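Here is how the chains run, residue by residue.
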Amino acid sequence: MECAEVRAALSARLDGEDAALSGDIVDAHVAHCEECQAWYTQATAIGRDLRLRANPPAPTQGAGAGLAAKVFRWLKITQRLAVTYAAGSFRCWEPASR
Ligand SMILES: [Zn+2]
């Protein structure tokens, strides 16, 4: 088995996706492959680091502040529309049924 296949499966596992290889096969390979062990350790550390950085503080001044404010406002509007639509209360967009 190729290390690349195993790492793709490990990557899918870290992302919470279904892997092409079964977990037992992947774990058996990682147990005796030091390179994949090192890769998995690093990938896990990177994933944790990314999750910690998922909510960075928005710039409050400088060139990025205006754009960041616009993006955040747009995201809030989009989120509200999605929630409203999901709740089924977006009736004004549906054709009138008589
Ligand atoms: Zn390997």
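Keep in mind that this is a model prediction, so the values were computed, not measured. Here the residue numbers are simple positions, counted from 1 along each chain's written sequence. It should be noted that, the model being predicted, local features are given only for residues of pLDDT at least 70 and side-chain atom pairs only at 80 or more, the latter also being counted only at that level, while totals for whole chains, interfaces and linings use all residues.

The next point concerns the overall build of the protein. Think of it this way: any DSSP run of H or I at least four residues long counts as a helix, any run of E at least two long counts as a strand, and we number them from the N terminus. When you go through the protein residue by residue, the secondary structure sums to four helices and zero strands. Ordered by position in the sequence, the α and β elements of the protein form the string α-α-α-α. Partly exposed residues are those whose C-beta has more than 12 but fewer than 20 other C-beta atoms within 10 Å; 20 or more makes a residue buried and 12 or fewer makes it exposed, with C-beta atoms placed from the backbone. The proportion of buried residues among the 98 residues of the protein is 5%.

It is worth spelling out the packing of helix α1 (residues 3-14) against helix α2 (residues 23-32) at this point. In the contact formed by α1 and α2, the axes pass within 10 Å of each other and the chain directions differ by 120°. Seen along the crossing, α1 lies across α2 with a hand that is left-handed. For the pair α1 and α2, the contacting residues are V6, A9 and L10 in the first and V26, H29 and V30 in the second. Ten residues, namely Ala, Val, Leu, Ile, Met, Phe, Trp, Tyr, Cys and Pro, are considered nonpolar, four, namely Asp, Glu, Lys and Arg, are considered charged, and the remaining ones, Gly among them, are considered polar. Taken together, the residues of the contact of α1 with α2 sort by class into five nonpolar, one polar and no charged. For helices, the axis comes from a line fit to the C-alpha atoms of the stretch in contact; other axes are also lines fit to C-alpha atoms, and the angle between any two N-to-C directions lies between 0 and 180 degrees. Whether a crossing is left-handed or right-handed is set by the direction in which the near helix is turned from the far one by less than a right angle, anticlockwise for left-handed and clockwise for right-handed. Placing a C-beta atom from the backbone of each residue, one calls two residues in contact when those atoms lie within 7 Å.

Mapped onto the fold, M1 is located in the segment before α1. Look at M1 and you get exposed, because 12 C-beta atoms sit within 10 Å. Between the C-alpha atom of M1 and that of V26, which follows or precedes it by 25 residues, the distance is 9.6 Å. Leave out the neighbours within four places in its chain, and M1 touches V6 and H29.

Attention shifts here to the packing of α1 against helix α3 (residues 34-52). The packing of two helices is summarised by the inter-axis angle and the distance between the axes. At a minimum axis separation of 11 Å, α1 and α3 run at an interaxial angle of 25°. As far as their axial angle goes, α3 and α1 are roughly parallel. Note on packing geometry: the crossing formed by α1 with α3 is right-handed. Together, C3, V6, R7, L10, S11 and L14 of α1 and E35, C36, W39, Y40, A43, T44 and G47 of α3 make up the contact between the two elements. For the contact of α1 with α3, the per-class residue count stands at eight nonpolar, three polar and two charged. Roughly parallel refers to an angle under 35 degrees, roughly antiparallel to one over 145, roughly perpendicular to one between 65 and 115, and oblique to any angle outside these ranges.

You can see L21 is positioned in the loop between α1 and α2. Classification of L21 by C-beta neighbours within 10 Å gives partly exposed; the count is 17. Along the chain, L21 and E5 lie 16 residues apart, while their C-alpha atoms are 7.9 Å from each other. Beyond its immediate sequence surroundings of up to four residues, L21 is in contact with E5, V6, A9 and V26.

Moving on, we get to α3. Across its 19 residues, α3 extends 27 Å between first and last C-alpha, which sits within 8% of the 27 Å expected from 1.5 Å per residue. When you tally the buried positions in α3, you get zero out of 19 residues, a small fraction of the element. An expected span of 1.5 Å times one less than the residue number is assigned to each helix.

With 76% of its residues at a pLDDT of 70 or more, the protein shows a mean pLDDT of 79. Across the protein, α2 holds the top mean pLDDT of 95, while helix α4 (residues 63-86) sits lowest at 73. For every residue, the pLDDT score states the predictor's confidence, bounded by 0 at the bottom and 100 at the top.

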